[in-house]
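Fold and geometry: a report
What follows is each chain in one-letter form.
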Number of protein chains: 2
Amino acid sequence: MAKREYVSISVVRRLPRYYRFLNDLLKNGFSRISSRELSARMGLTASQIRQDLNCFGGFGQQGYGYNVEQLRDSIGSILGIDRKFPIVIVGVGNIGRALAVNMNFDAFGFQLCGIFDVSPAVVGKRIAGLEVLHIDEIERFCGVSSPKTAVLTIPTAAAPDIVRRLVGCGVRSFWNYTHYDVARSYKDVVVENVHLSDNLMTLCYRIKYADEKPPEPTANDEA
Amino acid sequence: MAKREYVSISVVRRLPRYYRFLNDLLKNGFSRISSRELSARMGLTASQIRQDLNCFGGFGQQGYGYNVEQLRDSIGSILGIDRKFPIVIVGVGNIGRALAVNMNFDAFGFQLCGIFDVSPAVVGKRIAGLEVLHIDEIERFCGVSSPKTAVLTIPTAAAPDIVRRLVGCGVRSFWNYTHYDVARSYKDVVVENVHLSDNLMTLCYRIKYADEKPPEPTANDEA
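Scoring rules and cut-offs
- Residues numbered from 1 in each chain as written.
- Chains lettered and ligands numbered in written order.
- Predicted model: local features only at pLDDT ≥ 70, side-chain atom pairs only at ≥ 80, totals over all residues.
- Heavy atoms only, no water.
- Pairing = 2+ DSSP bridges.
- Helix = DSSP H or I, 4+ residues; strand = E, 2+ residues; numbered from the N terminus.
- Contact = heavy atoms within 4.5 Å.
- Axes fitted to C-alpha atoms, helices over the stretch in contact; angles between N-to-C directions.
- Buried < 20%, exposed > 50% of the residue type's maximum accessible area, 1.4 Å probe, protein only.
- Salt bridge = Lys/Arg side-chain N within 4 Å of Asp/Glu carboxyl O.
- Least-squares fit on C-alpha atoms with pLDDT ≥ 70 in both.
- Right-handed = clockwise from strand over helix to strand, strands pointing away.
- Buried area = accessible area lost by both parts, 1.4 Å probe.
- Phe/Tyr/Trp six-rings, centres within 6.5 Å; stacked < 30°, edge-to-face > 60°.
- Disulfide = S-S within 2.5 Å.

**Some words on the sheet that holds strand β4 (residues 110–117) of chain A**
All names here are of chain A. What the seven strands build is an open sheet, ordered β5-β6-β4-β3-β7-β8-β9; its pairing is mixed. Two strands lie at the open edges of the sheet, namely β5 (126–127) and β9 (190–193), each paired on one side alone. Looking at chain direction, strand β3 (residues 85–90) and strand β7 (residues 149–152) are connected through four bridges and run parallel. Within β7, the position partnered with Val-88 by the bridge is Ala-150. Of the strands in this sheet, β3, β4 and β6 (130–134) touch helix α6 (residues 138–145), which is tilted by about 160° from β4.

Given below as structure tokens:
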């Protein structure tokens, strides 16, 4: 089947989930899986899965199902996780530090090449094998290492100024943990926002709702 | 307009975003806003917004727009963020600690009442005003404080056992940062998953895609 030119963002957002499920299956010794079994595990319909994967040319064979490793690798390569996009973390409070230490950037398309902060308590210290640099070194650093992506784990109030500087240095994409609306101010940058409090509010609604009547059937459909 | 009995999870997931935008508008001195202006800021169509809000009985007035504070408060109360659901954090590595210290649980429907870990390095220490307890105290603690919700910020490998114990103690909802599929094993619990690496892979795809051709028009539509 031919690949589609344009793939909707909602399909794209499901790809990492396919990747994660397939990776877990592989770790658990599965080498092939029927579309029915995959759909049961993922809580999607088999037709939804076929439709999603067809956007990228289609996978699987009638009567055989999917080869788990092959499908995982194909999705990984569609996602581009074999790339090594240089990325910097700006702000090493608890969340920035958690990402620096625990997030396996290499496995997801990135290479952590710099960590920045303003606090004398951390500047000069080593985290995840890198020396934390003062944010005022960012211009010099970008001149040499040209990171195109930055993780924003700074207070929201500091974000407008920092983003302006980063964009000025050639950064073109952000993994944004602040509540600053980067995409609104910079139309040509790519932004993925992480709004943990949105998630917490959704949880609150669903708990309240579960208290009042039985949970809706699709409640866990975005696991 | 009458409230609908059943509200789809995708509408529910947009509510926190409305809440956040309206809260920001209020902080920036807006007291009313037209549906056109709200839709421009949120990157949704005016008709989508009307449709979403109509699920809960409708707000706003023809020719006047929305009263920002009133709409924010109504959405907040639909979400239930005025509740004080008792919640515990299990695991205070960097992410658990970041949530304990920085997340304003009170503002989003919860009250943090306990923090648990296994490491002698943190058990007995105070974080966010609470003494970190050993996980083996969880049964006793739940007998007294009856938290119904737990934040899982533990290694994925430890999750199945911990979840089993928590469910045994009456915990019925999870804010899950691990890759353990809680909802698959426990059908009657409410689970909100935070898969940060899914988000990172989506970012990777979009950067790769932006390199190859102009970014798709809807790229930032879930900001």
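That was the structure; now back to the text.
**So, the environment of Met-42 of chain B**
Residues and elements named next belong to chain B. The residue Met-42 is located in helix α2 (residues 35–42) in this model. Residue classification places Met-42 among the buried positions, given a relative accessible area of 4%. Spatially, the C-alpha atom of Met-42 lies 15 Å from that of Gly-65, the residues being 23 residues apart in sequence. Setting aside anything within four residues of it in sequence, one finds Met-42 in contact with Arg-17, Tyr-18 and Phe-21.

**Comments concerning the pattern of salt bridges**
According to the stated counting rule, one finds 20 salt bridges over all chains in the structure shown. A salt bridge links Arg-165 of chain A to Asp-136 of chain A; the nearest nitrogen and oxygen atoms lie 3.1 Å apart. With Arg-165 of chain A in helix α7 (residues 159–168) and Asp-136 of chain A in the loop between β6 and α6, this residue pair connects regions lying 29 residues apart in the sequence. Judged by its relative accessible area of 18%, Arg-165 of chain A is buried. Asp-161 of chain B serves as the salt-bridge partner of Arg-164 of chain B, at 2.4 Å between the closest nitrogen and oxygen. With Arg-164 of chain B and Asp-161 of chain B both in helix α7 (residues 159–168) and three residues apart, this pair spans about one turn of that helix. Residue class for Arg-164 of chain B comes out partly exposed when judged on its relative accessible area of 47%. Through salt bridges with shared partners, one network takes in Arg-13 and Glu-192 of chain A together with Arg-206 of chain B.

**Structural notes on the relation of the copies chain A and chain B**
With an axial shift of 0.0 Å and an RMSD of 0.0 Å, the rotation relating chain A to chain B amounts to 180°. Viewed as a symmetry operation, the transformation between the two copies matches a two-fold axis.

**Examining the pairing of strand β7 (residues 149–152) of chain B**
Note on strand geometry: in a regular strand, side chains alternate between the two faces of the sheet. All names here are of chain B. The alternating pattern of β7 places Thr-149 and Val-151 on one face and Ala-150 and Leu-152 on the opposite face, and all of these are buried. Sheet topology places β7 next to strand β8 (residues 173–176); four bridges connect them, and they run parallel. The residue of β8 that forms the bridge with Leu-152 is Asn-176. Where the polypeptide runs from β7 across α7 and back to β8, its parallel neighbour, the crossover connection is right-handed.

**Concerning the interface of chain A and chain B**
Between chain A and chain B, the contact holds 76 residues from the first and 76 residues from the second. Summing the contributions of chain A and of chain B, the shared interface buries around 6800 Å²; its carbon and sulfur component is 62%. For chain A, the biggest contributors to the area lost against chain B are Leu-200, Met-201 and Tyr-205 of chain A; these three give 10% of the whole. Linking chain A to chain B there are four salt bridges.

**Let's talk about the pairing of strand β9 (residues 190–193) of chain B**
All names here are of chain B. Side chains Val-190 and Glu-192 project from β9 onto one buried face, and the interleaved Val-191 and Asn-193 project onto a second face that is buried too. Direction of pairing for β8 relative to β9: parallel, over a ladder of four bridges. Paired with Asn-176 across the bridge in β9 is Asn-193.

**Description of the sheet that holds strand β3 (residues 85–90) of chain B**
Residues and elements named next belong to chain B. In spatial order, the strands read β5-β6-β4-β3-β7-β8-β9; together these seven strands make up an open sheet with mixed pairing. On the outer flanks of this sheet lie β5 (126–127) and β9, each paired with one strand and no other. Strand contacts of helix α6 (residues 138–145): β3, β4 (110–117) and β6 (130–134), with the helix running at about 160° to β4, the strand carrying the most contacts. Lying over the sheet, α7 contacts β3, β7 and β8, oriented at roughly 170° with respect to β7.

**Describing the packing of aromatic side chains**
Counted according to the given criterion, the structure contains ten aromatic pairs over all chains. Geometrically, the ring pair formed by Phe-116 of chain A and Phe-141 of chain A is edge-to-face, given 5.1 Å between the ring centres and 80° between the ring planes. With Phe-116 of chain A in strand β4 and Phe-141 of chain A in helix α6, this pair connects stretches of sequence that are 25 residues apart. You'll find Phe-116 of chain A and Phe-141 of chain A in the same group, each marked buried. Aromatic pair Trp-175 of chain B and Tyr-177 of chain B: ring centres 5.1 Å apart, planes at 70°, arrangement edge-to-face. The burial state of Trp-175 of chain B is the same as that of Tyr-177 of chain B; both residues are buried. Aromatic rings pair up to connect Phe-105, Trp-175 and Tyr-177 of chain A into one cluster.

**Description of the state of the cysteines**
Summed over all chains, the structure comprises zero disulfides over all chains. No disulfide involves Cys-113 of chain A; its sulfur sits 8.1 Å from the nearest other cysteine sulfur, which is in Cys-142 of chain A. A residue is classified by how much of its surface remains accessible, and Cys-113 of chain A, at 22% relative accessible area, is partly exposed. Left without a disulfide partner, Cys-204 of chain B is nearest to the cysteine sulfur of Cys-113 of chain A, which lies 15 Å away.

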